[in-house]
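Examining the three-dimensional arrangement
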Amino acid sequence: MKKILLLLVLIPILTYLILSNIRPRPSALSDYLVAPIQQPTINDLTVQFLGNTNIVLSDGHTSIITDGFFSRPSPFQVLFTDIKPDVFEVKRCLAKAGISKLDAVIPVHSHFDHAMDAPMVAHITGAQLIGSSSTINIGKGYPLSENQMTIPPLNEVVKIGKFKITFIASRHWQYPDAKQRALLLDQDIEAPLTPPASIYDYKEGISYTLFIEHDSTKIAIQGSAGFKQHSIKNLDADILFLAISGIEIMDETYNQNYQDFLIDPLQAEVLVPIHWDDFTVPLAEELKTTNVLFNKIYGSNLGKAFEQIEKRNLHKNRKIKVLPVWKKIKIVELLE
Ligand SMILES: [Zn+2]
C-alpha cells in the first residue's frame, strides 16, 4: 500500500520534471542565427540582445536599453506568489553583459516581463527611466527619484545623445483568453506600485512601437505582437525587432493585420525576432525555448510562429536574422 502511494506521488512529479525540460527548438533558430565576425570598436553603433525584448543599443558614448528585464521569476512564482525584482540576478546579468552605465531604460509596455526591473536597472546604471505613466508608477514604487523618470510625448522625437526616439502608441498582442485580456490589457497602473506584487498589478499602460534613428540608421522595435491600424505612417526602418511569440495561435486575419499595419509599413530590410525565449528561466549561455508542457497548455509553437513570418516576408526580400544572446554586434554587419 505504502509503495503504491509513493508511486502515485512520484509519477506525476517525475512526469512534470521530464516534460518541463523538453524544449523543442525549431530549426529556424539555427538557420537564421547571426554569427558575427567583426569585432565592434568603441565608436561603432552596436546591438546586444539580452533575451525576451531586452535590446541594448550603443554608439560608445550613449547606451539605451529596452525593458531591462532580468529577474525572470519561475512559473511557480508567477502563478502562485507575488513577485519582485531580484537584485542579484539583475546585477549578474548586467555584469555578464558588460553594462555599468546606461543613459535610458525604455520599457515597451508595463507588464512585469518588460517593466518590473526597469527602475532597478535605471538606478544601478544611472539611466533615465522613460515610459508611460504606468511605467513611471512602477518607478515611483521602487522608489526611483522623480528627476530620473520621464514620460515621453507621443509621435515626437526624444533625443538621447545621438539617438532620436519616437514613441508611437501601438497595441499589445491579444490574449486569446478573455479573462486575461480583461485583467492585463488596455489599463493603466494608477498608483505607485511597490513590489512584491501580483503579475496582474502590472497593467499594460501604453504598448509602444519605438522608432529609433541614429545618423542614417533607422531601427524599429515592436515588443509585443500587436498592431494599431494606421499608427505607422511615413516610416522606413532598416531593421525591425519584432515580437513573434503568440502569433502562431492567432488566426490568419490577425496575422495578416500584423503584417499590413505593422510589419509592412515599417519597410525594414531585416527582421529580428524577439520575445521568443522562455522568460521564466534564468538567462544562461543560450536562450531556452518554452517547454512542451507550456506549449501544450497555451498552444505555443515557435516553429509555426517563424513560418507565419517567413511566408509573409521572405518573398519581399526581407531577411530574418536571429541574434545570439549577450554578444555585441555591429549594426552595419547586421545590415550586410
Ligand atoms: Zn505584455
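Preceding this section is the structure that the text describes.
Residues numbered from 1 in each chain as written. Predicted model: local features only at pLDDT ≥ 70, side-chain atom pairs only at ≥ 80, totals over all residues. Heavy atoms only, no water.

**Details of the layout of surface pockets**
Here the largest pocket defines a volume of roughly 1,300 Å³. For the largest pocket, the lining is made up of 45 residues, of which Tyr 175, Phe 279, Thr 280, Phe 294 and Tyr 298 are closest to its centre. Elements with a contribution of two residues or more to the lining of the largest pocket: α3 (75-80), α5 (112-115), α8 (178-184) and α10 (292-298). With 4 residues, α10 is the largest single contributor of residues to the lining of the largest pocket. Looking at side-chain class alone, the lining of the largest pocket contains 23 nonpolar, 16 polar and 6 charged residues. Approximately 320 Å³ is the volume attributed to the second largest pocket. Surrounding the second largest pocket, 20 residues form its lining, Ser 58, Gly 60, Ser 63, Gly 98 and Lys 328 being those nearest its centre. (1 Å grid on protein atoms, 1.4 Å probe; cavity = no way out; pocket = protein on both sides within 12 Å on 5 of 7 lines; lining within 4 Å. Points joined across faces, edges and corners; volume = space filled by probe spheres on them. Helix = DSSP H or I, 4+ residues; strand = E, 2+ residues; numbered from the N terminus. Nonpolar A, V, L, I, M, F, W, Y, C, P; charged D, E, K, R; others polar.)

**As for the coordination of the zinc ion**
Those protein atoms acting as donors to the zinc ion are His 109 (NE2), His 111 (ND1) and His 172 (NE2), and they sit at 2.0 to 2.2 Å. Since its relative accessible area comes to 3%, His 111 is described here as buried. The class for His 172 is buried, based on a relative accessible area of 7%. (Donors = N, O, S within 2.8 Å, 3.2 Å for Na, K, Ca; no water. Buried < 20%, exposed > 50% of the residue type's maximum accessible area, 1.4 Å probe, protein only.)

**Side note on the sheet that holds strand β10 (residues 217-222)**
If you walk across this open sheet you meet the 7 strands as β7-β8-β9-β10-β11-β12-β13, and the pairing is mixed. Since the sheet does not close on itself, it has two edges, and those belong to β7 (157-160) and β13 (319-320), each with one partner. Here strand β12 (residues 270-274) pairs with β13 via 2 bridges, running parallel. Considered in β13, the bridge of Val 270 is made with Lys 319. Helix α9 (residues 252-266) rests against β9 (208-214), β10, β11 (239-243) and β12 of the sheet, and its axis sits at about 155° to β11. (Pairing = 2+ DSSP bridges. Contact = heavy atoms within 4.5 Å. Axes fitted to C-alpha atoms, helices over the stretch in contact; angles between N-to-C directions.)

**Details of the environment of His 214**
Along the chain, the position of His 214 falls in strand β9. In this structure the C-alpha to C-alpha distance between His 214 and Lys 162, which are 52 residues apart in sequence, comes to 5.9 Å. Ignoring any residue separated from it by four or fewer positions in sequence, one finds His 214 in contact with Leu 45, Asp 59, Lys 162 and Phe 163. Polar contacts involving the side chain of His 214 include one to the side chain of Asp 59, which spans 2.8 Å. (Polar contact = N/O pair within 3.5 Å; in protein donor to acceptor, adjacent residues only side chain to side chain.)

**Digging into a nonpolar patch on the surface**
Taken together, the side chains of Leu 6, Val 9, Leu 10, Ile 13, Leu 14, Tyr 16, Leu 17, Ile 18 and Ile 22 make up a nonpolar region of the molecular surface, amounting to roughly 840 Å² of accessible area. By the secondary structure assignment, Leu 10 is in helix α1 (residues 2-19). (Patch = residues over 30% accessible without salt bridge, like charges linked within 9 Å, V, L, I, M, F, W, Y side chains within 5 Å. Areas by Shrake-Rupley, 256 points an atom, 1.4 Å probe, with all protein chains shown as cover. Salt bridge = Lys/Arg side-chain N within 4 Å of Asp/Glu carboxyl O.)

**Comments concerning the pattern of salt bridges**
Under the criterion given, the structure shown has 13 salt bridges. In this structure, the salt-bridge partner of Glu 89 is Arg 92, at a minimum N-O distance of 2.6 Å. Highlighted residues: Glu 89 and Arg 92, both in helix α4 (residues 87-96), separated by 3 residues, approximately one helical turn. What emerges from the salt-bridge pattern is a single network uniting Glu 252, Lys 311 and Arg 312.

By themselves, these observations are geometric and do not establish any function.
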